[in-house]
Amino acid sequence: MNESENSFDLSELIELRKTIHANPELAHEEKNTAERLTRFIKKFNPDKIIERIAGNGVAFIYEGNKNGPVILLRAELDALPITEECEFDYKSVNNGVSHKCGHDGHMTILAGLARKLNENKINKGKVVLLFQPAEEIGEGAEKIINDKKFTEIKPDYAFALHNLPGFKKHEIIIRNNTFAAASVGMKVELKGKTSHAAHPENGISPSDAVADIIKKFNSVINAIKNENFDFGLVTIIHVSIGEKAFGTSPGYAEVYATLRANSDADLEVIKSKCVEIVELIAKEEKLKSEISWTEAFPATVNDPEAVDFIISAANQLKLNIKNIDSPFRWTEDFGHFTKTYTGALFGLGAGKQTPQLHNPDYDFPDELILTGINIFHTIIQNILAEE
Ligand SMILES: [Zn+2]
Ligand SMILES: [Zn+2]
């Protein structure tokens, strides 16, 4: 640790975190959050700012004097549709919306990193601090990568961290290859024909089909397991049949399920099995079926070289490292970055007693801000020293 790290003043960063926390915005609505960050980071003289990438996304670029690797660090701009159950003076002012995934903290870490990069200029290459919209609904990362404005960035390395309650504070949680699962939302629509409830035989009710689909979906993973399959899960999320009208036999139904697996290939296997089930049952029951997919997250697959940079940085900072045996079941749209670039996502322990992510009483622990800044900065220094 050098002197500037010891004397790094966190008060303005904590204040920024609390202001962002108090003013959360949902996916695709993060305009004010992006503007607030732009005002804050402009003070730290980025060489370039690219605004409105994939909607509300914004990137701040620090350039060295010589050519060198381009290193991207990502934070997420969006909050969640959850009513906050915390009583503190920076409680969310937006009803039903709150930062319950700690994205306020992740943004603050990158804002602090901007200050650090202004104080310690890099001699070569580029560092890109990317604030991405719409992570929670799995849309932002892919949109960023496909945005014309992003094509000029083309990172050689991409990193992101996520705070993780349930792990010791400041611990670095890492894994080679798959770190977080792949998932997708499946929406099944079944169309039959309504009829008088006294004469259901005159219509086509989807009720038997819905019952069959639920049963088959709940056992679909067992049916696949023999085929050299790692991990899979199909979770029924929502079901509706007809209207709440006692005189009418239903003619329409919907089944929502979330499918997940440890690899994109395994997820494809589950998807096609589920489609097969729906089509077969719909045919038997003389129903029309329609299937659509939403909120698709690829698996986040970590590159071993990028993982090595994280582990070296953690060792230098004397942080505890936890290698996890199996990937996390949750998903992260950073998988789009690791699919396209050499990169890795790692966890930053948020404390064993801290409420879980997406819980209404969760709040990002401010002690993690400096750890986050330091690990990113050390990764950057090590990459630039090597190349
Ligand atoms: Zn989340
Ligand atoms: Zn998150």
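Here, every reference points to the structure presented above.
This write-up is about the structure you can find in this document. (Residues numbered from 1 in each chain as written. Chains lettered and ligands numbered in written order. Predicted model: local features only at pLDDT ≥ 70, side-chain atom pairs only at ≥ 80, totals over all residues.)

### A few points about the sheet that holds strand E12 (residues 252-261)
The strand order E10-E12-E8-E13 describes an open sheet built from four strands, whose pairing is antiparallel. Strands at the two margins of the open sheet, each flanked by one partner only, are strand E10 (232-241) and strand E13 (288-297). Sheet twist, expressed as the average angle between the axes of neighbouring strands with direction ignored, equals 15°. Note: strand E8 (residues 182-191) against E12, ten bridges, orientation antiparallel. By the bridge assignment, Val-184 is partnered in E12 with Leu-259. In the packing of helix H7 (residues 207-224) onto the sheet, the strands contacted are E8, E10 and E12, and the crossing angle to E10 comes to about 175°. (Pairing = 2+ DSSP bridges. Helix = DSSP H or I, 4+ residues; strand = E, 2+ residues; numbered from the N terminus. Axes fitted to C-alpha atoms, helices over the stretch in contact; angles between N-to-C directions. Contact = placed C-beta atoms within 7 Å.)

### Re the packing of helix H9 (residues 304-316) against helix H11 (residues 368-386)
In the contact formed by H9 and H11, the axes pass within 9 Å of each other and the chain directions differ by 115°. Taken as a pair, H9 and H11 cross one another with a handedness that is right-handed. Listed contacts from H11 to Phe-309, Ile-310, Ser-312, Ala-313, Ala-314 and Gln-316 of H9 are Ile-375, Thr-378, Ile-379, Asn-382 and Ile-383. Among the residues forming the contact of H9 with H11, the class breakdown is seven nonpolar, four polar and no charged. (Left-handed = near helix turned anticlockwise from the far one by under 90°. Nonpolar A, V, L, I, M, F, W, Y, C, P; charged D, E, K, R; others polar.)

### Quick word on the nonpolar core
Counting residues in hydrophobic clusters, the biggest one holds 97 residues, and the most contacted among them are Leu-73, Leu-110, Leu-129 and Ile-310. Both domain 1 (3-180 + 299-386) and domain 2 (182-296) contribute no fewer than three residues apiece to this core. Leaving out residues up to four positions away in the same chain, Leu-73 has contacts with Leu-110, Leu-113, Leu-129, Leu-130, Phe-159, Ala-160 and Phe-376. (Core = buried A, V, L, I, M, F, W, Y, C linked by C-beta atoms within 7 Å. Buried ≥ 20, exposed ≤ 12 C-beta atoms within 10 Å, placed from the backbone. Domains from an automatic or database assignment.)

Geometric descriptors of this kind do not, in isolation, establish any biological role.
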